[in-house]
Amino acid sequence: MEAQFITKDAGLTFWLARPQDFDEVALDSGLVVDGGQTVVMEGLRVCMSERGHGVAGVIQQVTDSYVKQVYPSVNTKRLTRGDNPPPEKLSKFTVLAQRAILTLCGEAESFKGFVLGLRAKLDTMEKLNDNKNCLVAVKDSHQLKALLLDPDLSSRLQLPGGAIIQDWQPLKPIESNLEILERRNLTWLANCASDKPTFMSFHTPAYPIPFNGGSLRFNIDMFGANLSLARKALIAHLEQETGEFHKCVLVNIYMPQTIWEGMREFCEGHEGVKQCRNYWSQLFLEQEIP
Ligand SMILES: CC(C)(COP(=O)(O)OP(=O)(O)OC[C@H]1O[C@@H](n2cnc3c(N)ncnc32)[C@H](O)[C@@H]1OP(=O)(O)O)[C@@H](O)C(=O)NCCC(=O)NCCS
């Protein structure tokens, strides 16, 4: 495939990235969502030797104008960041929400024992509290559609910035985005107390990352601030996926800030699967593209 020239800016030359460029390029990519109004930034990368000189800022400006040129209906950019930037770096954005992240890691073979331990802890807690909250799988696209397109969903689940954030990618729960969510092969759970759930979670199938010489990353996104359901959801998601685990596994659990400490305590005490990063968070930002 021949490289397609885009522009020159700040002494840099920009081309449309091709698969064969992957190992070299500094790059930025986006996905047009929300019925063509929003671009969600997906991947931003600058090669090691060029970092810290503002290259990421230039790429983002060039990408914004390129997106606007190809998709004139786009008027908003949305992105998530996990690097806790200082306030001056955020002045051009509206901060829509912040979610807490609990990161655990361990060798694949340790996860079975970890989950058994969590289940034993949960059983003790539930007996003490006589807790009847339960979770059910959202199995087909019909059920998922009913769940996600319910107009009360955002307020009941306190969706961050009114969006469902799937593995760092924020999407409004609207019909045109359902197809994007469906092709991600997510496994969904919601509480079964009523047909108006107050808790929802899903996991993305584990995928390879370079961490530690080659690992898997497993992401669980949780919406709704019910700690008891969040504990159950964690167990259920891990139980469904641990059979696929191999090598080292990094688990990121994204959740409302109010339940982070409770989840951290729930997960502590196992020899093989440990918290491997202090509290960190996901910032959800929005910027107009004029
Ligand atoms: C994050 C990364 C792209 C930053 O590249 P860089 O060229 O060193 O960035 P700089 O520190 O010089 O900052 C340049 C601009 O990019 C912005 N920026 C830095 N990190 C960013 C991030 N994660 N998301 C969005 N913007 C970011 C800075 O705020 C700055 O903005 P400004 O121009 O408005 O001042 C680079 O360190 C990298 O490739 N890291 C590994 C991959 C990664 O973590 N990507 C981000 C998540 S997808």
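What comes next concerns the included structure. In this text, all values refer to a predicted model and were calculated from it rather than measured experimentally. (Residues numbered from 1 in each chain as written. Predicted model: local features only at pLDDT ≥ 70, side-chain atom pairs only at ≥ 80, totals over all residues. Heavy atoms only, no water.)

**So, the site of the ligand**
For the ligand, the set of nearby residues contains 16 residues, the closest of which are Val 46, Gly 52, Gly 54, Lys 89 and Lys 92. Contact between the ligand and Leu 44: a nitrogen atom at 2.8 Å from a main-chain N or O atom of the residue. Contact between the ligand and Arg 81: a nitrogen atom at 3.3 Å from a side-chain N or O atom of the residue. Burial of the ligand by the protein amounts to 67% of the accessible area it has alone, namely 860 Å². The cavity that encloses the ligand is the largest pocket. Residue assignment for the shell around the ligand shows that the elements contributing at least two residues are strand S4 (38–45), helix H1 (55–70) and strand S5 (76–81). Looking at the shell around the ligand element by element, the count peaks at 4 residues for H1. Here the residues of the shell around the ligand sort into 5 nonpolar, 5 polar and 6 charged. (Near = heavy atom within 4 Å. Polar contact = N/O pair within 3.5 Å; in protein donor to acceptor, adjacent residues only side chain to side chain. Areas by Shrake-Rupley, 256 points an atom, 1.4 Å probe, with all protein chains shown as cover. 1 Å grid on protein atoms, 1.4 Å probe; cavity = no way out; pocket = protein on both sides within 12 Å on 5 of 7 lines; lining within 4 Å. Sits in = over half its atoms within 2 Å of the grid points. Helix = DSSP H or I, 4+ residues; strand = E, 2+ residues; numbered from the N terminus. Nonpolar A, V, L, I, M, F, W, Y, C, P; charged D, E, K, R; others polar.)

**Description of the sheet that holds S5**
One open sheet accounts for 10 strands, arranged S3-S4-S5-S14-S6-S13-S12-S11-S10-S7; its pairing is mixed. Either end of the sheet is taken by a strand with one partner, and the two such strands are strand S3 (27–33) and strand S7 (135–138). Strand after strand, the sheet turns through a mean of 25° between neighbouring axes, direction not considered. Note that strand S10 (residues 187–191) and strand S11 (residues 200–209) share 4 bridges and pair antiparallel. Residue Thr 187 lies in a different strand from S11, and its bridge partner there is His 203. Its contacts with the sheet put H1 on S3, S4, S5 and strand S14 (274–288), and the angle it makes with S4 is roughly 145°. Relative to strand S6 (residues 94–107), helix H8 (residues 260–267) is tilted by about 5°, and along the sheet it contacts S6, strand S12 (215–223), strand S13 (248–255) and S14. (Pairing = 2+ DSSP bridges. Axes fitted to C-alpha atoms, helices over the stretch in contact; angles between N-to-C directions. Contact = heavy atoms within 4.5 Å.)

**What to know about the environment of Asp 83**
Position of Asp 83 relative to the elements: it lies in the loop between S5 and helix H2 (87–90). Taking relative accessible area as the criterion, Asp 83 reaches 46% and is therefore assigned partly exposed. Once the C-alpha coordinates of Asp 83 and Gln 282 are considered, the two residues, 199 residues apart in sequence, prove to be 8.0 Å apart. For Asp 83, the side chain forms a polar contact with the side chain of Arg 81, separated by 2.8 Å. (Buried < 20%, exposed > 50% of the residue type's maximum accessible area, 1.4 Å probe, protein only.)

**Here we look at the packing of helix H4 (residues 141–148) against helix H6 (residues 175–182)**
Taken N-terminus to C-terminus, the directions of H4 and H6 make an angle of 135°; their axes are 11 Å apart at the nearest point. Relative to H6, H4 is oriented oblique. Like other packed secondary-structure pairs, H4 and H6 cross with a definite hand, here right-handed. Taken together, the residues of H6 that come into contact with H4 (itself represented by Ser 141, Leu 144, Lys 145 and Leu 148) are Glu 175, Leu 178, Leu 181 and Glu 182. Of the residues assigned to the contact of H4 with H6, the class counts are 4 nonpolar, 1 polar and 3 charged. (Parallel < 35°, antiparallel > 145°, perpendicular 65-115°, else oblique. Left-handed = near helix turned anticlockwise from the far one by under 90°.)

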